Every structure is written in C-alpha cells, then in structure tokens.
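One-letter residues, chain by chain:
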Amino acid sequence: MGKIIVLAIVLRLFLLTSVPPSLNWDEVSQGYTAYSILQTGKDEWGEKLPLFFRSYGEWKSAVYIYLLLPFIKVLGLNAFAVRLPSVLAGIISVYLMYLLGKKIYSEKIGLWSAFLMSVTPWTFMLGRPAFEANVALTLILAGIYFFLRFNLKPKIYLLISSAVALGLAPHTYNSAKIVVPLIVLYLVWSTKLYKNLKSSLLLFGTLFIFALPILLNLGSGPSLARYNQVGVATDLKALNEFVSLRSTLPLPELGNKLIFNKYTYSLYKITDNWFSYFSPSFLAVSGGPHHQHSLPYHGVLYIAEFLLVLIGVFTLFSKKSSTMSHLPLIIIIFGTLPAAMTRDSYHVLRILLAAPGFIFLAALGLDYLQTKKFKYLKFVIWILGFEIVVFMTTYFLWYPRTFPRDWQYGHQEVAAYLKEHEGEYDRIVMTKWYGEPQLFVAFYNLWDPKIYQAQNLPLIRYETEGRLWLDQLPQYSLGKYTFKYLDWSTEIRDSRTLYIGKSDDFYPDSNIKQTILFPDGTVAFYIVQGDK
C-alpha cells in the first residue's frame, strides 16, 4: 500500500503549478477570498466570515475557502498553496479507497481500488486543480468509512467522525447536498442503525446542525443559487421548444398541458441526462466536453478499466453478497443524480462523487479474473498499463500546450507586467472577454483586500439590475482599472491609458508594449498604450 500512496503523491504533486497551465477563475476566486479573510476577516464583498460566498455571483460553498487559510498563511497566495488542499484530499481518498475496499471485500480489492483511484483519468485529472468536488469526495468516503467502523465497533467517536465528515461535504460542493442525505439513509437502512435510537439521534442530530444553515437559506437564495443558474429548467430555449409542442397534440387544452409542461420536460431531461452518464463512449472513449475536466479522445475511465467495470457488475450479481457489497452501485446511482438534474449532460466534474463506485467495480473485476486464473489476465494488465502511460504522457506534455485557453492562461503574465508598469498610467482598461479579470490581477498582485472591498461593494448593483453575474454589467471599475469589451474605434486612446485586450481588439499599427502568447505561440493578450 505504501508504494501506491507514493505513486499518488508523485502523480499529484509533479508539475503542480504548471499542469494545468494556469489557475482558472474559480481557483483565483477561492484563493483571493481566503487571502481577504486572512487579512480582514471579510470576503472581497465585505461579508464577515460568511458560510456562503457571493464570489462571482454563484455563491460558493465555504469549506474549501476556509481550508485554504493555513496554506496561504504559510505558503503565501500562489498556485501551489491554492491547489495543495485538493491534492492532499486526493491522496487521502486513495488511502480511504483501500480501507473501504478491504473492509467491504478483501485486502486485494482494497489495493486494486487504491491503485485505480490514483491513476484513473477521472480522479487523477480532477485531483490536481483546486476543485471543491475533490474535497467533498474525500469527506464522503471518510464518512462512509467511519460509519462502517462504527457498525462493527460501536464507539461514539466513530459515529461523530462520520457525521462531521458527511455534514461538511454539502458545505464543500453542491452535488453533495443531494448525495449525502441519500447515502446516509442507505447506510442507516442497510446496517439497521435505525433500531438503535440513541445512535440514530446522535447521527441525525449532528447532521441537522450542519444542514441548518443550508435549510435556513433555502428561501433567501444562496444555498440554491447555483442550481437556479444551471438546473434543467434554466435552458429556456429547450424548455420553450418542448412546451411549444402543445399545439401539435390533438387533445383538449388541459390534456396538452398535462403532457407538455415545465415539469414533464424536467423529468424527460433528468432521465436523458442520467442515462448519458452510463454511455460507453462517455466512460471509455470521449469523456466530457469541458477540457478542464477530461482530455479529448480519452474517457473518464480507461478502456480496459471500463471492461473490468462490466465484469465487476457481473460479479456482484452472480453470487450472494451482503447489502453493503452493493455500495458501489449505490454510490454510482446517487452520485450521478445531481448532474442529471442540471441542464448540461456529460459533465465530468458534477458526477465525480460517483467515481469511487466505478473504481470499486473495476477492482472487483480484476479480482474476479485473478481468482478464476483468467489466462489472458496479463494481457489485460499490460493493456491497462499501456493506457496509463499514454494518458499520463498526453496529460503532462500535450495538454498544457494545447488547452491553455480553457485555464484562462495569460492573466498571470498580464498581472506581472501591470505590477511593474501600472504606476506609469492614470487609467488601465482591460477586456472582460475571457470573464471577470479583476480577481486575476488582485490575486497575482496581492491587492489590499480592504481597498478591494471598498471599491467592490458598489458593484453589487448587478443583483438589483437582475443580472446573475458581475461581468454581465456593460463595464465596471476598481480604482484606476476599468473592465469592459474593447472597441478600439471608440476608445479615447490617450497616452496615459493602458489597454489590455485580445488579439483582434487593436489595429495593426497600435502602440503595443507587450505581447502575451499562449504556449502554442498564438496571441493571448496585447498590452497597448494609447496613441493620442
């Protein structure tokens, strides 16, 4: 097991600050928010120690941001400090997979589960950046493990540890708000904990304390803000097309409305999305469309691993086993539900909580082949090993060069130039084409949080204007900085103004002071001085 942990550590720490090639929007947001809390006790919007962070307008969960505080305190505000908590959570999850696999099945299955957890594209790729889902996954695995230990050895500290871990998960990632209650109900039912009134009250009482802030905010918005932005019914174009079919159905008006309405559309969309996550193409060949979450031409599982999953399913149903042995299927079913309830399909990050279920099944498949002395087992392992080498090579060498745009590459280089030269200008105008650049500059140049809060607070007007995001404002300013879409033909362009824009924002003869290139040599940003 020690070698597997070392492998997980090496794979997750190797080139951590440069692969992925840059911090994305969420990473700099979480990092600067934590920095602001450290310096002032308030987030960048002036809220004192909140449980829900407004951030860009989507109300981030709290755990990852507060988890960052000691790392930023010790290591400073940088990419390594922001990503390290996620990396450590991923390493811990590898060990937890071993413990759970060993406890539910056998030592060998535990070892296979841990190994696959450390190298599977799904958990590896999402285990390096600062994704809150990665920490939520670790908390859920820890909660399940402590619960199962309590079931065998009823010590109160184990039940409390389980409740705390499971209680924190919904405050870490939104999908856990659905997954955790379902997992808890399954654990209580399958172990018959409900027959122990004292233990049941302790478990549900502790969980209720953690759930209370979410429940109290259901009416006011923050706890459901993200779902209101990405839920199945927010795709108004698709919803309206569905409802418009009423006129084509030769039934009375009431019958038409019963068949074609927002609720039947939502049921159809949820079902369609849910089945999409079991597509062999998604799982083993192409993955999802978001390049932050999966590599093109690679599934979230290896092809050999996907085949092992199928063997694992056969193994579960081909022999009598305990209720808890079916935990992988429960994890998969519950883990895919939250993503199915959103408008996007094939969303790798939103179903990360289902990943352990697939990995356990693959480990069961490997164990089955070993037990049956399958004569082509070495070939299967060689194919799996070959896929691992190809994926890791592609990830570390090809991925950061080919997809830097997906990681908002170039903002750090822009910030470095501004740090050195911003004093030379009265005004700095930066494109918001790539989305809310202000936090990138604040993060990399360590803007004073007190000043940032004072200048940022008036921008909350975007909410009163009915906008979901800050960058939906036509333009907004922080001190001498203005963020907007650039139109070079209408800009004042005086020599005391510096402009930062994309490649087609300026004329060929503009006074370019610096060119920021993507790793493939194409232009990310031009930094241009006004010429009038």
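Now for a look at the structure at hand. Sequence positions are assigned chain by chain, starting from 1 and proceeding in written order. The predicted origin of the model limits local features to residues at a pLDDT of at least 70 and limits the giving and counting of side-chain atom pairs to 80 or more, whereas totals for whole chains, interfaces and linings rest on all residues. Think of the side-chain values as coming from all heavy atoms in the structure, minus any hydrogens and water.

### Some thoughts on the side chain of Ser-29
Helix and strand labels come from DSSP, where a helix needs a run of H or I of at least four residues and a strand needs a run of E of at least two; each type is numbered from the N terminus. Its place among the elements puts Ser-29 in helix α2 (residues 25-40). Any two residues whose heavy atoms approach within 4.5 Å at even a single point are treated as in contact. With sequence-adjacent residues up to four places away left out, Ser-29 is seen in contact with Glu-44, Ser-55, Tyr-56, Lys-60 and Leu-439.

### Quick notes on the environment of Glu-132
Relative to the helices and strands, Glu-132 is located in helix α7 (residues 132-152). For the pair Glu-132 and Lys-73, spaced 59 residues apart in sequence, the C-alpha to C-alpha distance is 19 Å. Leave out the neighbours within four places in its chain, and Glu-132 touches Gln-30, Lys-60, Tyr-64, Thr-172 and Tyr-173.

### A short note on the sheet that holds strand β8 (residues 523-529)
Whether two strands pair comes down to DSSP finding at least two bridges between them. Spatially, β4-β5-β3-β6-β8-β7 is the arrangement adopted by the six strands of the open sheet, whose pairing is mixed. At either end of the open sheet lies a strand with only one pairing partner, and these are β4 (475-478) and β7 (511-517). On average, each strand axis in the sheet is tilted by 20° relative to the strand beside it, whichever way the strands run. Examined bridge by bridge, strand β3 (residues 427-431) and strand β6 (residues 497-501) share four bridges and lie parallel to one another. Across the sheet, Met-430 pairs through a bridge with Ile-500, a residue of β6. Axis definition: a line fitted to C-alpha atoms, over the contacting stretch in the case of helices. Angles run 0 to 180 degrees between N-to-C directions.

### What to know about the pairing of β6
For every residue, the accessible area (1.4 Å probe, protein chains only) is compared with the maximum for its type, and the residue is labelled buried under 20%, exposed over 50%, or partly exposed between those bounds. When you tally the buried positions in β6, you get five out of five residues, the bulk of the element. Neither face of β6 is exposed, since Thr-497, Tyr-499 and Gly-501 on one face and Leu-498 and Ile-500 on the opposite face are all buried. With four bridges joining them, β6 and β8 adopt antiparallel strand pairing. Its bridge partner lying in β8, Ile-500 is registered against Ile-527.

### Observations regarding the packing of aromatic side chains
How two aromatic rings sit relative to each other is given by the distance of their centres and the angle of their planes. A pair of Phe, Tyr and Trp rings is counted when the ring centres sit within 6.5 Å of each other, with Trp represented by its six-membered ring. The angle between the planes then sorts it: under 30 degrees is stacked, over 60 is edge-to-face, the rest tilted. Counted under the stated rule, the structure contains 36 aromatic pairs. With 6.2 Å between their ring centres and 55° between their planes, Trp-45 and Tyr-462 make a pair best called tilted. On the criterion of sequence distance, the pair formed by Trp-45 in the loop between α2 and β1 (52-53) and Tyr-462 in helix α23 (residues 461-464) is long-range, its members being 417 residues apart. Pairing Phe-391 with Tyr-395 gives two aromatic rings, centres 6.3 Å apart and planes at 15°, and the pair type is stacked. On the criterion of helical spacing, the pair formed by Phe-391 and Tyr-395 is a turn pair, its members being four residues apart in helix α19 (residues 377-402). The residues Phe-391 and Tyr-395 share a single accessibility class, namely buried. An aromatic cluster is defined as three or more aromatic residues linked by ring pairs; in this entry it consists of Phe-14, Phe-124, Tyr-302, Phe-391, Tyr-395, Phe-396, Trp-398, Tyr-399 and Phe-403.

### What about unusual backbone geometry?
Cis rather than trans, the peptide bond between Val-19 and Pro-20 has omega equal to 0°. Residue position: Pro-20 is located in the loop between α1 (2-13) and α2. Positive phi is not limited to glycine here, since Trp-59 has a value of about 60°. As for its position among the elements, Trp-59 is in the loop between β1 and β2 (60-61).

### Notes on helix α5 (residues 107-119)
Look at α5: 19 Å from first C-alpha to last across 13 residues, which is about the 18 Å you get at 1.5 Å a residue. Listed in full, the buried residues belonging to α5 are Ile-109, Gly-110, Trp-112, Ser-113, Ala-114, Leu-116, Met-117, Ser-118 and Val-119. The span expected for a helix works out to 1.5 Å for each residue beyond the first.

### Looking at the nonpolar core
Residues Tyr-32, Trp-122, Ile-140, Ile-144, Leu-203, Met-392 and Tyr-395 are the most contacted members of the largest nonpolar core, which totals 158 residues. Residue types Ala, Val, Leu, Ile, Met, Phe, Trp, Tyr and Cys, when buried and joined through side-chain atoms within 4.5 Å, form a set referred to as a nonpolar core. Core analysis: the next-biggest nonpolar cluster, separate from the first, contains seven residues, Val-429, Tyr-499, Phe-506 and Val-528 among them.

### Considerations on the pattern of salt bridges
Throughout this description, the term salt bridge denotes a Lys or Arg side-chain nitrogen within 4 Å of a carboxyl oxygen of Asp or Glu. Applying the stated criterion across every chain yields a total of 15 salt bridges. For Glu-463, the salt bridge is made with Arg-54, and the minimal N-O distance between the two is 2.8 Å. Here Glu-463 is found in helix α23, whereas its partner Arg-54 is found in the loop between β1 and β2, with 409 residues between them in sequence. Among the residues examined, Glu-463 registers a relative accessible area of 32% and is labelled partly exposed. One salt bridge in this structure joins Arg-467 and Glu-465, with 3.0 Å as the shortest N-O distance.

### A closer look at the packing of helix α9 (residues 176-191) against helix α17 (residues 327-340)
Axis separation between α9 and α17 bottoms out at 9 Å; the angle between their running directions is 155°. Between α9 and α17, the angle falls in the class roughly antiparallel. For the element pair α9 and α17, the recorded crossing hand is right-handed. Taken together, the residues of α17 that come into contact with α9 (itself represented by Ile-178, Val-179, Leu-182, Ile-183 and Tyr-186) are Leu-327, Ile-330, Ile-331, Phe-334, Gly-335, Leu-337 and Pro-338. Ten residue types, Ala, Val, Leu, Ile, Met, Phe, Trp, Tyr, Cys and Pro, are classed as nonpolar, four, Asp, Glu, Lys and Arg, as charged, and the remainder, Gly among them, as polar. A class-by-class count of the residues in the contact of α9 with α17 yields eleven nonpolar, one polar and no charged. Any angle between 65 and 115 degrees counts as roughly perpendicular, while under 35 counts as roughly parallel, over 145 as roughly antiparallel, and the rest as oblique. Crossing chirality is assigned from the near helix's rotation relative to the far helix, an anticlockwise turn below a right angle marking it left-handed and a clockwise turn marking it right-handed.

### Some points on helix α22 (residues 449-456)
Note on helix geometry: an α-helix contains 3.6 residues per turn, so any two residues three or four positions apart are oriented the same way. Those residues of α22 not exposed but buried are Pro-449, Tyr-452, Gln-453 and Asn-456. Down the axis of α22, the buried set is contained in an arc of 100°. They therefore lie on one face. Turned more than 90 degrees away from the buried face of α22 sit Lys-450 and Ala-454, all of them exposed. Pairs of N or O atoms within 3.5 Å make up the polar contacts considered here, provided that, within protein, one atom can donate a hydrogen while the other can accept it, and that residues adjacent in sequence are counted only when both atoms are side-chain atoms. Its side-chain oxygen at 2.9 Å from the backbone nitrogen of Lys-450, Asp-448 defines the N-terminal cap of α22. Our arc is simply the arc of the directions from the helix axis toward the C-beta atoms.

### Considerations on the packing of α2 against helix α3 (residues 63-75)
Contact geometry for α2 and α3: axes closest at 8 Å, N-to-C directions at 70°. When the axis of α2 is compared with that of α3, the two are roughly perpendicular. Both α2 and α3 take part in a crossing whose hand is right-handed. Counting all contacts with α2, which are made through Gln-30, Gly-31, Thr-33, Ala-34, Tyr-35, Ile-37 and Leu-38, the residues of α3 involved are Tyr-64, Ile-65, Tyr-66, Leu-68, Leu-69, Ile-72 and Lys-73. Residues of the contact of α2 with α3, tallied by class, amount to ten nonpolar, three polar and one charged.

### Things to note about empty space enclosed by the protein
Lining residues are defined by having an atom within 4 Å of a point belonging to a cavity or pocket. Those points lie on a 1 Å grid over the protein atoms alone, cavities being sets where a 1.4 Å probe fits but cannot get out and pockets being open sets with protein on both sides within 12 Å along at least five of seven lines. Grid points are joined across faces, edges and corners, and a volume is the space filled by probe spheres set on the points. Per the stated rule, a full pass over the model turns up four cavities of 30 Å³ or more. Each pocket or cavity is described by its volume, and for the largest cavity that value is around 60 Å³. Residue lining of the largest cavity: Leu-137, Ile-140, Leu-141, Ile-144, Val-179, Ile-183, Ile-331, Gly-335, Leu-353 and Pro-356, and that is the complete set. Contributing elements (two or more residues each) for the lining of the largest cavity: α7, α9 and α17.

### Remarks on the side chain of Glu-27
Note on placement: Glu-27 falls in helix α2. Judged by relative accessible area, Glu-27 falls into the buried class, the value being 1%. A distance of 2.8 Å separates polar atoms of two side chains, one belonging to Glu-27 and the other to Arg-83. Here Glu-27 is in contact with Ser-22, Val-82, Arg-83, Pro-129, Ala-130 and Trp-407, once residues within four sequence places are set aside.

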